[in-house]
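# Architecture and fold: a report
Residue strings, one per chain:
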Amino acid sequence: SAGVVVAGAGQAGFQLAASLREGGFRDPITLVGDEAALPYQRPPLSKAYLAGKTDQEGLFLRPPGFFAEHAVAHRPGLRAVAIDRDARRLQLSDGTDLPYDHLVLATGARNRPLPVPGAELAGVRQLRGLADADALKESLATARAIVVVGAGFIGLEFAAVAAARGLPVTVIEAAERPMARAVSSEMGAFFRRAHAAMGVRFAFGAGVTAIVGRDGRAAGVALADGRELAADLILVGIGVLPNRELAAEAGLPAEDGVRVDAFLATPDPAISAIGDCARFPIPFARGLTPDGTVRIESVQNAIDQGRCLAARLTGKPASYGALPWFWSDQGPHKLQIAGLSGPGDASVVRGTGDAFSVFRFRDGHLSAVESVARAGDHMIARRLLTAGTPLTPDQAADPDFDLKGLAL
Ligand code: FAD
């Protein structure tokens, strides 16, 4: 048998392989990945690894011996370039191809390029992989003034690490607040103050028109309002694009992500997609997007989709419905999110000061909970959202209401 071939050896692809073996799958498994390293976790790249608090070995999802022990063929440094669906073969960048019984697309996402003149200058960096993190670490060692383009999770995590080294950092953001797509305005306001306390400066409602160069290197950032900010290190963190081209070129639906059904299957029964590259329906997205489908960029989603698909491929099919949850470490503060909210959801705050949660409601139902220094709220929220236990905004707002009791 040709077994399972996975395009992409990241968080989702690795999890699928590991869970297949745990589930007793006996056919060959091949993980094709275009990066050089063993499968690794990305979150520390903008946190502990960047800050020098963990080394490369600390990033690996499993030690090198795991792959031979579990008969998982990891093929690093190889790109999947095309799918021959009729022949069930995956073509690779070295000119060879691999037959498959089942093909899994776990190709993740890549950074959205900054569409302005000068974006290719030395000193302009992005952060997605280990190689990016190593280059960024090196730049940080000599940087004198830093501009971050984009106040999303990665930009803010990086800003916190750079500010902790005493470097001047300015974050430029097109929206009026940080993490505008992902969190409530209440939580955004807290992190704005928290970063200001770390010494980070902000320019909101600001558009970048060019990276200004001197002697072939970035020297500053030009803004639409005419200002120019000096910077010798510029980190661009303006979101990602799903790696959907393999699927699209093979004739599979793949607008803003590889389209899969509730079982993570594409319309071709021999091909599935998981992780950052996949667009899928989930009950938690009801009322959030026009068709109830989402793409989720998180470790939780990559792991749970890897597990869900492994279960189907070992004869235990179930639709995907895991509760989305997420975290982000920014300086001394850890943000935890359970559920999926949109900018239109209502907010109710519980707690005060540096320790609080924002309960989000959509159409009167709890949609998500964002917490800072309230790990208990986060765990309760996971239970309430998973079970679908009703909670009213008034109950959430009442400090005497027994949330824990409701979740038990
Ligand atoms: P990836 O892990 O990106 O793996 C996809 C792999 O496929 C990559 O190695 C890619 O190079 C490879 N590939 C692409 N195309 C091909 C091809 N044609 N052939 C072969 N290989 C290919 N999530 C959280 O929940 N919490 C966090 O705090 C957090 N922090 C993050 C910090 C950073 C700096 C980054 C970049 C991400 C962070 N994330 C975080 C997101 C999380 O890491 C991703 O959601 C997760 O890695 C997605 O897993 P994946 O397997 O779908 O994609």
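Residues numbered from 1 in each chain as written. Predicted model: local features only at pLDDT ≥ 70, side-chain atom pairs only at ≥ 80, totals over all residues. Heavy atoms only, no water.

### A closer look at the overall build of the protein
Each helix and strand counted, the protein has 10 helices and 26 strands in total. Its C-alpha radius of gyration of 22 Å places the protein within 12% of the 22 Å reference for a compact globule of 408 residues. Counting only C-alpha atoms, the protein reaches 60 × 60 × 40 Å along its principal axes. Counting over 408 residues, the protein shows a buried share of 52%. In the protein, 61% of the contacts between residues at least 6 apart in sequence involve partners at least 24 apart. Surface summary for the protein: the accessible area is close to 17600 Å², and the carbon and sulfur share equals 52%. When the 42 positive and 44 negative side-chain charges of the protein are each reduced to one mean point, those points stand 2 Å apart. (Helix = DSSP H or I, 4+ residues; strand = E, 2+ residues; numbered from the N terminus. Rg over C-alpha atoms; globule rule 2.2 N^0.38 Å. Buried < 20%, exposed > 50% of the residue type's maximum accessible area, 1.4 Å probe, protein only. Contact = heavy atoms within 4.5 Å. Areas by Shrake-Rupley, 256 points an atom, 1.4 Å probe, with all protein chains shown as cover. Lys, Arg positive; Asp, Glu negative; His and termini not counted. Charge placed at Lys NZ, Arg CZ, Asp CG, Glu CD.)

### A word on the layout of surface pockets
By volume, the second largest pocket amounts to about 420 Å³. Along its surface, the second largest pocket is lined by 16 residues, and Arg362, His365, Leu366, Ser367 and Leu385 are the ones closest to its centre. For the lining of the second largest pocket, the secondary structure elements donating two or more residues are strand 26 (365-372) and helix 8 (375-387). Broken down by element, the residue count for the lining of the second largest pocket peaks at three residues, all from strand 26. When its residues are assigned to classes, the lining of the second largest pocket shows seven nonpolar, six polar and three charged. (1 Å grid on protein atoms, 1.4 Å probe; cavity = no way out; pocket = protein on both sides within 12 Å on 5 of 7 lines; lining within 4 Å. Points joined across faces, edges and corners; volume = space filled by probe spheres on them. Nonpolar A, V, L, I, M, F, W, Y, C, P; charged D, E, K, R; others polar.)

### With respect to the confidence of the model for the protein
Predicted coordinates in regions of low pLDDT should not be interpreted in detail. The predicted model of the protein has a mean per-residue pLDDT of 97, with 100% of residues at 70 or higher. Both confidence scores are given for the complex: pTM 0.98, ipTM 0.99. (pLDDT = per-residue confidence, 0-100.)

### Considerations on the side chain of serine 328
Mapped onto the secondary structure, serine 328 falls in strand 22 (residues 325-330). In terms of polar contacts, serine 328 uses its side chain to reach the side chain of glutamate 157, at 2.7 Å. Apart from the residues within four sequence positions on either side, serine 328 is in contact with Lys47, Phe153, Glu157, His333, Lys334 and Leu335. (Polar contact = N/O pair within 3.5 Å; in protein donor to acceptor, adjacent residues only side chain to side chain.)

### Thoughts on the site of the ligand
Close contacts around the ligand come from 30 residues, with Asp34, Glu35, Lys47, Arg128 and Asp276 the closest. Starting from 1000 Å² of accessible surface for the ligand in isolation, the protein chains cover 95%. Looking at the shell around the ligand, the elements with two or more residues in it are helix 1 (11-22), helix 7 (299-313) and strand 22. The residue inventory of the shell around the ligand, partitioned by class, reads 12 nonpolar, 10 polar and eight charged. (Near = heavy atom within 4 Å.)

### A closer look at the packing of aromatic side chains
Under the defined criterion, the tally for this structure stands at 10 aromatic pairs. When the centroid spacing of 5.6 Å and the interplanar angle of 55° are considered together, the rings of phenylalanine 14 and phenylalanine 66 count as tilted. Remark: phenylalanine 66 occurs in helix 2 (residues 65-69) and phenylalanine 14 occurs in helix 1; sequence separation between them is 52 residues. Judged on exposure class, the residue phenylalanine 14 and its partner phenylalanine 66 are both buried. For the pair phenylalanine 190 and phenylalanine 191, a centre-to-centre distance of 5.2 Å together with 90° between the ring planes defines the contact as edge-to-face. Since its relative accessible area comes to 0%, phenylalanine 191 is described here as buried. (Phe/Tyr/Trp six-rings, centres within 6.5 Å; stacked < 30°, edge-to-face > 60°.)

### Section: helix 4 (residues 153-164)
Its 12 residues give helix 4 an end-to-end C-alpha distance of 17 Å, which sits within 8% of 16 Å, the value for a rise of 1.5 Å per residue. Most of helix 4 is tucked away, with nine of its 12 residues classed as buried. Looking at the residues trailing helix 4, positive phi occurs at glycine 166, about 85°. (Expected span 1.5 Å × (residues − 1).)

### Here we look at the sheet that holds strand 6 (residues 97-99)
As summarised here, the arrangement of the three strands in space is 4-5-6, forming an open sheet in which the pairing is antiparallel. Either end of the sheet is taken by a strand with one partner, and the two such strands are strand 4 (80-84) and strand 6. Pairs of neighbouring strands in the sheet enclose a mean axial angle of 25°, with direction left out of account. Pairing of strand 4 with strand 5 (residues 89-92), which is carried by four bridges, proceeds in the antiparallel orientation. Residue isoleucine 83 lies in a different strand from strand 5, and its bridge partner there is leucine 90. (Pairing = 2+ DSSP bridges. Axes fitted to C-alpha atoms, helices over the stretch in contact; angles between N-to-C directions.)

### Here's the deal with the side chain of arginine 295
Within the secondary structure, arginine 295 is located in the loop between strand 21 (293-294) and helix 7. With relative accessibility at 16%, the residue arginine 295 sits in the buried group. Of note is the side chain of arginine 295, whose polar atom sits 3.4 Å from the side chain of aspartate 256. A polar contact is formed between the side chain of arginine 295 and the side chain of glutamate 297, at a distance of 3.1 Å. Beyond its immediate stretch of four places on either side in the chain, arginine 295 contacts Val240, Pro242, Asp256, Gly257, Asp276, Cys277, Ala278, Arg279 and Phe280.

### Describing unusual backbone geometry
Trans is the common state for peptide bonds, and a negative phi is the common state for residues other than glycine. Of note in this structure, arginine 88 is not a glycine but carries a positive phi near 55°. Among the structural elements, arginine 88 can be located in the loop between strand 4 and strand 5. Taking the relative accessible area as the measure of exposure, arginine 88 reaches 38% and is therefore partly exposed. Residues other than glycine seldom take positive phi values, yet alanine 373 does so here, at roughly 55°. Tracing the backbone shows alanine 373 in the loop between strand 26 and helix 8.

### Quick notes on the environment of phenylalanine 190
Considering the arrangement of structural elements, one finds phenylalanine 190 in helix 5 (residues 185-197). Overall, phenylalanine 190 belongs to the buried group, its relative accessible area being 3%. Separated by 182 residues in the primary sequence, phenylalanine 190 and valine 372 place their C-alpha atoms 9.3 Å from one another. Sequence-distant contacts of phenylalanine 190, defined by excluding residues within four places in its chain, comprise His333, Gly353, Asp354, Phe356 and Val372.

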